[in-house]
Amino acid sequence: MTKKVLILAASLAAFSGCGLAADPAPNGIMLPEGFRQWQVLSVHHRSDNNTLRVVLGNEAAQQAVREGKTNPWPDGAVLGKLVWKGVQHDRWATATEPGAFIHAEFMSKDAAKYAATGGWGYARWVGKELKPYGKDENFVQECLGCHTPLKDRDYVFTHPAMP
């Protein structure tokens, strides 16, 4: 494992100790129960906003990855992304580690229920308080706008990186 992945794994472990309950997103999607114990599917570093992201999957998503059935993802798959600001490690100049927690976001696959948004229901919770993102249910148009260029990959950015 790379040092960056180990640092992210440690941050996820620290985050798993948070026992916060969250209000539903404006579209009614609830923060998935037990997401802190889901398997890591991938990690990302975004250089445009210097964030570190851990991508998690529920059991249905994990099974889809194991079976190579991720385009399209099956109904019931849920992908989660935990996002931290990237900061330079205090004793390791070439290492980036998680700083402040920014948000948790989730995509839930249900082709019929979320047909208007490519088969995915989107939700985001901001900060350690896990405050629901968006003023009303139309916030999902922002999510869909970002994911639309990936329509041919079932609207998903993540390339699973499981061994």
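See the structure shown above.
Residues numbered from 1 in each chain as written. Predicted model: local features only at pLDDT ≥ 70, side-chain atom pairs only at ≥ 80, totals over all residues. Heavy atoms only, no water.

Caption draft 1: Spatial organisation of the environment of His-45. Assignment of secondary structure puts His-45 in strand E1 (residues 39-46). Its relative accessible area of 36% is what places His-45 among the partly exposed residues. When the C-alpha atoms of His-45 and Lys-85 are compared, they prove to be 9.8 Å apart, with 40 residues separating the residues in sequence. Side chain to side chain, His-45 and Asn-50 meet in a polar contact 3.3 Å long. (Helix = DSSP H or I, 4+ residues; strand = E, 2+ residues; numbered from the N terminus. Buried < 20%, exposed > 50% of the residue type's maximum accessible area, 1.4 Å probe, protein only. Polar contact = N/O pair within 3.5 Å; in protein donor to acceptor, adjacent residues only side chain to side chain.)

Caption draft 2: View of helix H3 (residues 140-147). When we look at burial in H3, the residues that qualify are Val-140, Cys-143, Leu-144 and His-147. The buried residues of H3 occupy an angular sector of 95° when the element is viewed end-on, so they sit on one face. Summarising the contacts, the buried residues of H3 are in contact with strand E4 (92-109) and strand E5 (120-126). (Arc of directions from axis to C-beta. Contact = heavy atoms within 4.5 Å.)

Caption draft 3: Local environment of the environment of Asn-58. Structurally, Asn-58 can be placed in the loop between strand E2 (51-57) and helix H2 (59-67). The sequence separation of Asn-58 and Val-40 amounts to 18 residues, and the corresponding C-alpha distance is 9.4 Å. Within the local environment of Asn-58, its side chain forms a polar contact with the backbone oxygen of Gly-76, the two atoms lying 2.9 Å apart. Polar side-chain contacts of Asn-58 include one of 3.1 Å to the backbone nitrogen of Val-78.

Caption draft 4: Structural detail: the pairing of strand E3 (residues 78-89). Sheet topology places E2 next to E3; 7 bridges connect them, and they run antiparallel. Within E3, the residue paired with Arg-53 across the bridge is Val-83. In the sheet, E3 pairs with E4 via 11 bridges, with the strands oriented antiparallel. Each residue of the ladder has a partner; that of His-89, found in E4, is Trp-92. Between the end of E3 and the start of E4, which pair antiparallel, lie 2 residues. (Pairing = 2+ DSSP bridges.)

Caption draft 5: Representation of the nonpolar core. Within the largest apolar cluster, 34 residues are counted, with the highest numbers of intra-cluster contacts made by Trp-73, Phe-106, Trp-120, Tyr-122 and Trp-125. At the level of secondary structure, the elements contributing two or more residues to this core comprise E2, H2, E3, E4, E5 and H3. The residues contacting Tyr-122, other than those within four sequence positions of it, are Asn-27, Ile-29, Phe-106, Met-107, Thr-117, Phe-139, Val-140, Cys-143, Leu-144, His-147 and Tyr-155. (Core = buried A, V, L, I, M, F, W, Y, C linked by side-chain atoms within 4.5 Å.)

Caption draft 6: Looking closely at the side chain of Ser-108. With respect to the helices and strands, the residue Ser-108 is situated in strand E4. Overall, Ser-108 belongs to the buried group, its relative accessible area being 16%. Contact partners of Ser-108, with chain neighbours within four places excluded, come to Ala-77, Val-78, Tyr-114, Gly-119, Trp-120 and Gly-121.

Caption draft 7: Unusual backbone geometry, seen in detail. Following Asn-71, the chain continues to Pro-72 via a peptide bond in cis, the omega torsion being 10°. Of note in the backbone geometry, Asn-50 takes a positive phi value of approximately 50° without being a glycine. The partly exposed category is assigned to Asn-50, whose relative accessible area is 29%. Unusually for a residue other than glycine, Leu-130 sits at a positive phi of about 55°. Within the fold, Leu-130 resides in the loop between E5 and strand E6 (131-132). Owing to a relative accessible area of 1%, Leu-130 belongs among the buried residues under this scheme.

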